[in-house]
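So the chains spell out like this:
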Number of protein chains: 2
Amino acid sequence: MTKSKISQEGLTTGPFPNSKKIYESGQIHNIKVAHRSIELSDTKTSEGEIFQNPPVTVYDTSGPYTDPDYAVNLEKGLPKIREQWIKERDDIQELEQLSSEYGQMRLADKKLDHLRFDHVSTMPLKAKDGRCVTQYYYACQGIITPEMEYVAIRENQQIQQIQESYREHRGQCYGAQIPEKEVTPEFVRDEIAAGRAFLPANINHPETEPMIIGRNFLVKINANIGNSPTTSSIEEEVEKAVWAVRWGADTIMDLSTGDNIHETREWIVRNSPVPVGTVPLYQALEKVNGDVEKLSWEIYRDTLIEQAEQGVDYFTIHAGLLWKHIPSTIKRVTGIVSRGGSIMAKWMLYHHKENFLYTHFDEICDILAAYDVGVSLGDGLRPGSIADANDRAQFGELEALGELTQKARDKYVQVIIEGPGHVPMQGIKENMDLQLEHCKEAPFYTLGPLTTDIAPGYDHITSAIGGAMIAWHGTAMLCYVTPKEHLGLPDKHDVKTGVITYKLAAHAADVAKGFPGAQFRDFAMSKARFEFRWKDQFSLALDPETAMQYHDKTLPDEGYKSS
Amino acid sequence: MTKSKISQEGLTTGPFPNSKKIYESGQIHNIKVAHRSIELSDTKTSEGEIFQNPPVTVYDTSGPYTDPDYAVNLEKGLPKIREQWIKERDDIQELEQLSSEYGQMRLADKKLDHLRFDHVSTMPLKAKDGRCVTQYYYACQGIITPEMEYVAIRENQQIQQIQESYREHRGQCYGAQIPEKEVTPEFVRDEIAAGRAFLPANINHPETEPMIIGRNFLVKINANIGNSPTTSSIEEEVEKAVWAVRWGADTIMDLSTGDNIHETREWIVRNSPVPVGTVPLYQALEKVNGDVEKLSWEIYRDTLIEQAEQGVDYFTIHAGLLWKHIPSTIKRVTGIVSRGGSIMAKWMLYHHKENFLYTHFDEICDILAAYDVGVSLGDGLRPGSIADANDRAQFGELEALGELTQKARDKYVQVIIEGPGHVPMQGIKENMDLQLEHCKEAPFYTLGPLTTDIAPGYDHITSAIGGAMIAWHGTAMLCYVTPKEHLGLPDKHDVKTGVITYKLAAHAADVAKGFPGAQFRDFAMSKARFEFRWKDQFSLALDPETAMQYHDKTLPDEGYKSS
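Definitions and limits used
- Residues numbered from 1 in each chain as written.
- Chains lettered and ligands numbered in written order.
- Predicted model: local features only at pLDDT ≥ 70, side-chain atom pairs only at ≥ 80, totals over all residues.
- Heavy atoms only, no water.
- Least-squares fit on C-alpha atoms with pLDDT ≥ 70 in both.
- Contact = heavy atoms within 4.5 Å.
- Phe/Tyr/Trp six-rings, centres within 6.5 Å; stacked < 30°, edge-to-face > 60°.
- Helix = DSSP H or I, 4+ residues; strand = E, 2+ residues; numbered from the N terminus.
- Buried < 20%, exposed > 50% of the residue type's maximum accessible area, 1.4 Å probe, protein only.
- Salt bridge = Lys/Arg side-chain N within 4 Å of Asp/Glu carboxyl O.
- Buried area = accessible area lost by both parts, 1.4 Å probe.
- Polar contact = N/O pair within 3.5 Å; in protein donor to acceptor, adjacent residues only side chain to side chain.
- Nonpolar A, V, L, I, M, F, W, Y, C, P; charged D, E, K, R; others polar.
- Pairing = 2+ DSSP bridges.
- Axes fitted to C-alpha atoms, helices over the stretch in contact; angles between N-to-C directions.
- Parallel < 35°, antiparallel > 145°, perpendicular 65-115°, else oblique.
- Left-handed = near helix turned anticlockwise from the far one by under 90°.

### Focus on the relation of the copies chain B and chain A
In summary, the two copies of the chain are related to each other by a rotation about an axis coupled with a shift along it. For the pair chain B and chain A, the best superposition has an RMSD of 0.0 Å and corresponds to a rotation of 180 degrees with a translation of 0.0 Å parallel to the axis. Taken together, the rotation and translation relating the two chain copies correspond to the operation of a two-fold axis. Measuring from the rotation axis to each C-alpha of chain B, the shortest distance belongs to Ile465(B), at 2.4 Å. Mapped onto chain A, 100% of the interface residues of chain B again fall at the interface, so both copies present the same surface.

In structure tokens:
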């Protein structure tokens, strides 16, 4: 037995208090959908009567790590739950070697052996020539894949079992078409086929538990992780990924810019139960030692293939920032703040050429379609301050993203659209309305937005306000912001604070939209609160640990202690 | 010299980084309005050019404590800046003794000497017989008081000097009539006369720096403090009050329920530069040892007079919870959660009588008018969970509050209306619309509202989302919520977190409404951020300490590090 490459000591695993992992079977496919079931204690009335409270099933992003029957082994990676489903479609080939030059080079480098994930010996999958393997393509063919049935069951959180047992406010959903009672596999298929939903499912990431991003589904959140030139090891990044999904991250983006990006990503993907996104431009830039002028389509293309074959589920691509948009950024207070946007603008100005991500967009889509990598169209011109919100630069780029959406759809590539950033409250609805219009209802994925700029240290909150509102209006996924935003790199505690803050914002939006069953957890919490079932309040809380720690046992048991 | 009764050691005073206290003179009256001026460093361009950045004047709730020329002395209390203004109106009398029995009893009790604020030797003021001394009355007479001119200058934050120097988003203000360029003293008078604004100014609290609460002014926030049977001393409560106003509390409510409530309040009022509110019912209940049945109009009345003569600026009075409303609470998930509401409901059920606060409301108003104490009509039936939001009980009480608003106005008593609590996002606008309608535009004062119930430990955030939204729609003041809400009693750190969180929510609303100059601080921050003037970013931050502490000096100086 060889020495282990990675320590599991820092990992937080195991079930949440009074919760157990349950698995619900599919009706169409042989699938087992994981939920978390929170067990509640009985209600005891002052007359001595006892009433049982049904367990509450909640959406569970944490993967096998919270299943006590699962033996965590980072070196082996997570179970490949999608492996069979992918193979049975009979439209893929197993490659004989990695297709990217960079991937081959790293594999051949013996000095990297001690960093390498061992089970990488399996060769990547790719669509057979002439076949398309995206969930979007399948949906357009009328096929309900196991992934689609999985997300239908997952979104329902078993609410069908208790739907009649509590009062629910009517939602207001700004033209979204939220299902009235429950999500069916057919509904999932139709939403994907309409381009209104994205099911991230790279055929090389069979470990992922299927999830869906779309405005007629539960609002999702993303947590950014990734090393930097100054900090952290592979171990820490894997630890951060497991930590983020434990608290509720629906996807993670690996934004590494430090050493051994390729190997770090392999470890993350193999151990991530949620889809993984990246910004391939960041790694491409590392390959030319940060020298923007030296970036080229060839290097970028090789990076796309390298990452697609590792199993990255979606790529942020800043293809909508065009030559014609740059002049409109000159009068801005904060110029171009998107990292991808500023890299591409610099490249364009140096070479006096149009954005190569735009000129090569068809080729990009061909690559992505062969692995079912989704494209997240980056907003390189997102405002970096509320002063710059909703300006010509931002909305000019949004129109270009709409054009690219159509191109991607023509190739059956799944698309989502990135949005701001910094927007005062009165400008939020305009962002959503224009995005729906220009991008033909492709899912919107925003970073907050921050609703004021005067509270550094609290930007998880300034942005949760904007995030909850824009999600209510239709944004499908929110990228989290941590308390360190604008100030420093987040540590583990910041990651948790960011995730919980965004989870509550997303949930507030689910409730406001009237998603079936979204209000049940609130109802169960309020009932437990009114009945002073403290243990149940902790179990139902998004963050049981903090609630327990803050609980002051000297508080008298009086109803009026709650607001 | 006697031994000092109170230590000042725990007090945090002194100016904020790179800030100085400035005083702006009135045009009509001989007044000096305090602002905080934040000095900024120069902009240095890459070409070596240097541009000065004008200082930024911001609203300052901190009182003399942040003036380095002021020698803090808690035993002496704050300077009585309003003393002359009050006397010059020649409509008040100095009483020969305290009017309340309880006040006299406490004063006569030698055992309390060591707790007593010494300068209480000055006797209270009261309106001369037949005279009315409320700011509302003056406004209705067409008078512009020094208090009114003070708040006009204060609200402007000297924005007139820089108004043309930056771009500003157009606000959206839902029917509010925000002044376009600046607030004039005439505008303040007219808003008060219309009942749309409340200027808290008990004639026995001459230490208060005038401020205004109304939807056509900056959104204000309140911080609750107060001891409890299990915790804290007079010292700690004064310390908490000074701490809360340092970070931005526009008013404080003393909700003490522990020992020596009378003496604690005296110390707080004498040392508070912001208006102080209370819930007199809490103290009345202490006087009958918590025995609700024993509460009576006589005890309550004596408490009102006792507190009015100490200088409390507004009272929360739960007079709108009527006998007829109680049945509609039975089917609620969380019943009656307002402490005042549950006390009165219990009293009514025990005595089978209508709420004595309702039946004696005219007498209450007569007492309040004689000192210019404002009434904050309590929402005893506010929802304690999103499940109970916007129900018949809540809106039934709101109608009664509208009726009481008119009664108070008939006596020239200033009125604000308390609101929820817990409301899902889609229900927020309805709350605001009905409040404006039923209560004829009297200022709305809400507690959050929380937009979801599933995040105990993070309820400052779940409620800041609702708070920012309802303030945008027209709520004039937000009562803060701390991270300990529903779990325990807030400590100093929680108070600060609550205040900063609500300050940013209120500011986000000011920006969204388009209040003149509200966006300037954001603009200055964004410019400093883009130019990597870190020191200026800290100075401009709502919480410079936390921003500085989070700042990671290893971060490279790159534009794209901001979102």
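### With respect to the packing of aromatic side chains
Residue and element names in this part refer to chain B. With the rule as written, the count across this model stands at 32 aromatic pairs over all chains. With a centroid separation of 5.0 Å and an interplanar angle of 85 degrees, the aromatic rings of Phe117 and Trp267 are classed as edge-to-face. In this pair, Phe117 sits in the loop between helix H2 (101-108) and strand S7 (125-127) while Trp267 sits in helix H7 (residues 261-270), placing the two residues 150 residues apart along the sequence. The exposure classification of Phe117 matches that of Trp267, with both residues buried. Judged by centre distance (6.1 Å) and plane angle (85 degrees), the ring pair of Phe198 and Tyr314 falls under edge-to-face. Of this pair, Phe198 sits in strand S8 (residues 197-198) while Tyr314 sits in strand S13 (residues 314-317), and the two are 116 residues apart along the sequence.

### Describing the side chain of Gln310(B)
One can find Gln310(B) in helix H9 (residues 297-310). The residues contacting Gln310(B), other than those within four sequence positions of it, are Asn204(B), His262(B), Arg265(B), Glu266(B), Val269(B) and Arg270(B).

### Description of the pattern of salt bridges
All names here are of chain B. For the structure on display, the rule yields 68 salt bridges over all chains. Linking Asp491 and Lys484 is a salt bridge whose minimum nitrogen-to-oxygen distance equals 3.9 Å. Asp491 sits in the partly exposed class, given a relative accessible area of 37%. With a shortest N-O distance of 3.3 Å, Lys527 and Glu531 are connected by a salt bridge. Using a relative accessible area of 24% as the deciding quantity, one classes Lys527 as partly exposed.

### Focus on the interface of chain B and chain A
Interfaces are often sized by the accessible area lost when the parts come together. Each side of the interface is counted separately: chain B has 90 residues, and chain A has 90 residues. Between chain B and chain A the total buried area reaches about 7400 Å² when both faces are included, carbon and sulfur atoms providing 66% of it. Scanning the region where chain B abuts chain A turns up zero salt bridges. Across the chain B-chain A interface, the total number found is 17 residue pairs in polar contact (both at pLDDT 80 or more). Put simply, the parts of the chain that give the side of chain B that touches chain A at least two residues each are helix H10 (339-351), helix H15 (459-473), helix H16 (492-513), helix H17 (520-530), helix H18 (534-540) and helix H19 (544-550) of chain B. The element best represented in the side of chain B that touches chain A is H16(B), accounting for ten residues. Tallied by class, residues from the side of chain B that touches chain A come to 42 nonpolar, 30 polar and 18 charged.

### Some words on the sheet that holds strand S17 (residues 477-479) of chain A
If you walk around this closed barrel you meet the eight strands as S10-S11-S12-S13-S14-S15-S16-S17 (chain A), and the pairing is parallel. For this sheet, the mean angle separating the axes of adjacent strands, direction not counted, is 25 degrees.

### As for the sheet that holds strand S2 (residues 32-38) of chain B
All names here are of chain B. Strand order in this open sheet of three strands is S1-S2-S5, and the pairing throughout is antiparallel. Edge positions in the sheet fall to strand S1 (19-25) and strand S5 (56-58), since each has one partner strand and no second. Pairs of neighbouring strands in the sheet enclose a mean axial angle of 40 degrees, with direction left out of account. Here S1 runs beside S2; their pairing, made up of seven bridges, is antiparallel. The residue of S2 that forms the bridge with Lys20 is Ser37. Each of S1 and S2 is contacted by helix H4 (residues 146-156), which is oriented at about 10 degrees to S2, the strand it contacts most.

### Some points on the packing of helix H6 (residues 234-247) of chain B against H16(B)
Residues and elements named next belong to chain B. It is at 9 Å that the axes of H6 and H16 come closest, and there the two elements cross at 25 degrees. Between H6 and H16, the crossing angle belongs to the class labelled roughly parallel. Seen along the crossing, H6 lies across H16 with a hand that is right-handed. Taken together, the residues of H16 that come into contact with H6 (itself represented by Glu239, Lys240, Trp243, Ala244 and Trp247) are Lys492, Val495, Lys496, Val499, Ile500 and Lys503.

### Re unusual backbone geometry
Each neighbour pair has its own omega, and for Pro420(A) with Gly421(A) the value is 10 degrees, a cis peptide bond. With respect to the element layout, Gly421(A) can be found in the loop between strand S15 (415-419) and helix H14 (428-438). Going from Gly448(B) to Pro449(B), the amide bond is cis rather than trans, its omega being 10 degrees. Here Pro449(B) lies in the loop between strand S16 (444-447) and H15. Of note, the phi angle at Asn289(B) is positive, near 55 degrees, even though the residue is not glycine. Structurally, the position occupied by Asn289(B) is in the loop between helix H8 (280-287) and H9.

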